[in-house]
Structures are given as C-alpha cells and as structure tokens.
Amino acid sequence: MAYNQSLALELLKGRMDRAGLDVPPDLEAYWVKRLEAAVEYLKGKGVVFDDVEKSVADNELVADYTAYKLTNRDSTDTMPKWLRLEIRERFLKGSCS
C-alpha cells in the first residue's frame, strides 16, 4: 500500500466524527477502498508521498480528501480552497525534490 492504512483510517474516523468508535465492518471496508482511491487520485495529481508509513501529514491529506469526497458525493460545489491549496503545495513539494 502507498499509505499507512490503519493511521489513515483512524484519521478518517476522526473526520467523520467516529473517533475511537467501532464502525460496522462493511462501512470500514468501504472507507478503506475510498482511502485507496484517494491515494490513486492524489498520485495522479502529481503528489509525491514521503515515507508514507511514518508521515502523519501524508496520511492526513489522504484522510482529508477521502472525507471531502464522502461528505460531498452529490454536491456540485468545487473542492474547498484549503484542500485545493494543500494538494497544490504537496504537488509543488514533490516536483522540487
């Protein structure tokens, strides 16, 4: 995997107001798949992940993007500015390395 699944999942649970709680196994499996999709999307946008197994910032970006997608599935609004800027900054950081 290109991210620390358990850390990203715990961060996502926090973003979804489920921190410290057990979620149904089917929902957890769905969230894991959405995290994997987020990693692929971010890589496609040119984000270069650091030592992802240890980087909370990398996993936080994956969880934040996943939470945005989960909570805005039917919205036609654009991505929040803070999230667009975070992705852009991570792209720029990776392209300068």
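Each chain carries its own residue numbering, running from 1 in the direction its sequence is written. For a predicted model such as this one, the threshold for reporting local features is a pLDDT of at least 70, and the threshold for listing and counting side-chain atom pairs is 80 or more; totals across whole chains, interfaces and linings nevertheless cover every residue. Side-chain descriptors were evaluated using all non-hydrogen atoms of the structure, hydrogens and water having been removed beforehand.

A word on helix α1 (residues 5-15). Throughout, exposure labels follow a simple rule: accessible area from a 1.4 Å probe, protein chains only, divided by the maximum for the residue type, with under 20% read as buried, over 50% as exposed, and the rest as partly exposed. Secondary structure is summarised from DSSP: a helix means a run of H or I of at least four residues, a strand means a run of E of at least two, and numbering begins at the N terminus for each. Among the residues making up α1, those that are buried are Ala8, Leu9, Leu12 and Lys13. Down the axis, α1 shows its buried residues gathered within 140 degrees of arc, on one side only. Any pair of residues with heavy atoms lying within 4.5 Å of one another is described as a contacting pair. Here the buried face of α1 lies against α2 (25-44) and α3 (56-71). At the C-terminal side of α1, Asp17 shows a positive phi close to 60 degrees. In this description, one arc is meant: the one made by directions from the helix axis to the C-beta atoms.

With that settled, the discussion passes to the packing of α2 against α3. At a closest axis distance of 9 Å, the pairing of α2 and α3 adopts a crossing angle of 110 degrees. Taken together, the axis directions place α2 and α3 in an arrangement best described as roughly perpendicular. Handedness of the α2/α3 crossing: right-handed. Between α2, through Tyr30, Trp31, Arg34, Leu35, Ala38, Val39, Tyr41 and Leu42, and α3, the contact on the second element is made entirely by Leu61, Val62, Ala63, Tyr65, Thr66, Lys69 and Leu70. The nonpolar class holds Ala, Val, Leu, Ile, Met, Phe, Trp, Tyr, Cys and Pro. Asp, Glu, Lys and Arg form the charged class, and all remaining residues, Gly among them, are polar. Its residues assigned to classes, the contact of α2 with α3 comprises 12 nonpolar, 1 polar and 2 charged. Here, axes are lines fitted to C-alpha atoms. For helices the fit covers the stretch in contact, and angles between N-to-C directions go from 0 to 180 degrees. Orientation labels follow simple angle bins: below 35 degrees gives roughly parallel, above 145 gives roughly antiparallel, 65 to 115 gives roughly perpendicular, and whatever is left gives oblique. In a left-handed crossing the near helix is turned counterclockwise from the far helix by less than a right angle, and in a right-handed crossing that turn is clockwise.

Structurally, Thr66 is set in helix α3. Thr66 has contacts with Leu12, Arg34, Leu35 and Ala38, leaving out every residue within four places of it along the chain.

A few words now on the confidence of the model for the protein. Confidence of the predictor in every single residue is expressed as pLDDT, which spans 0 to 100. Counting all residues, the mean pLDDT for the protein is 88, and 91% of those residues have values of 70 or more. Of all secondary-structure elements in the protein, the lowest mean pLDDT belongs to helix α4 (residues 81-96), at 86, while α2 reaches the highest, 95.

Here the focus is the nonpolar core. Inside soluble globular proteins, nonpolar side chains tend to come together where they are buried. Residues belong to a common nonpolar core when they are buried Ala, Val, Leu, Ile, Met, Phe, Trp, Tyr or Cys residues joined through side-chain atoms within 4.5 Å. One finds Leu12, Leu35, Leu42, Val62, Tyr65, Leu83 and Ile87 to be the most contacted residues of the largest nonpolar core, which totals 23 residues. Broken down by secondary-structure element, the contributors of at least two residues to this core are α1, α2, α3 and α4. Per-element tally for this core: the top contributor is α3, with 7 residues. Filtering out sequence-adjacent residues up to four positions away, Leu83 remains in contact with Leu61, Asp64, Tyr65 and Tyr68.

For residues that are not glycine, phi is negative in most cases, and the peptide bond is trans in most cases. Unusually for a residue other than glycine, Asp17 sits at a positive phi of about 60 degrees. The residue Asp17 is located in the loop between α1 and α2 in this model. By relative accessible area, which is 69% here, Asp17 ends up exposed.

On to α2. How far a helix is expected to stretch is found by multiplying one less than its residue total by 1.5 Å. Here α2 is 20 residues long and its end C-alpha atoms lie 29 Å apart, about the 28 Å a rise of 1.5 Å per residue gives. Within α2, the full set of buried residues consists of Trp31, Val32, Leu35, Glu36, Ala38, Val39 and Leu42. Considered in projection along α2, the buried side chains sweep an arc of 155 degrees and stay on one side of the axis. The outward face of α2, more than 90 degrees from its buried face, is lined by the exposed residues Asp26, Lys33, Glu40 and Gly44.

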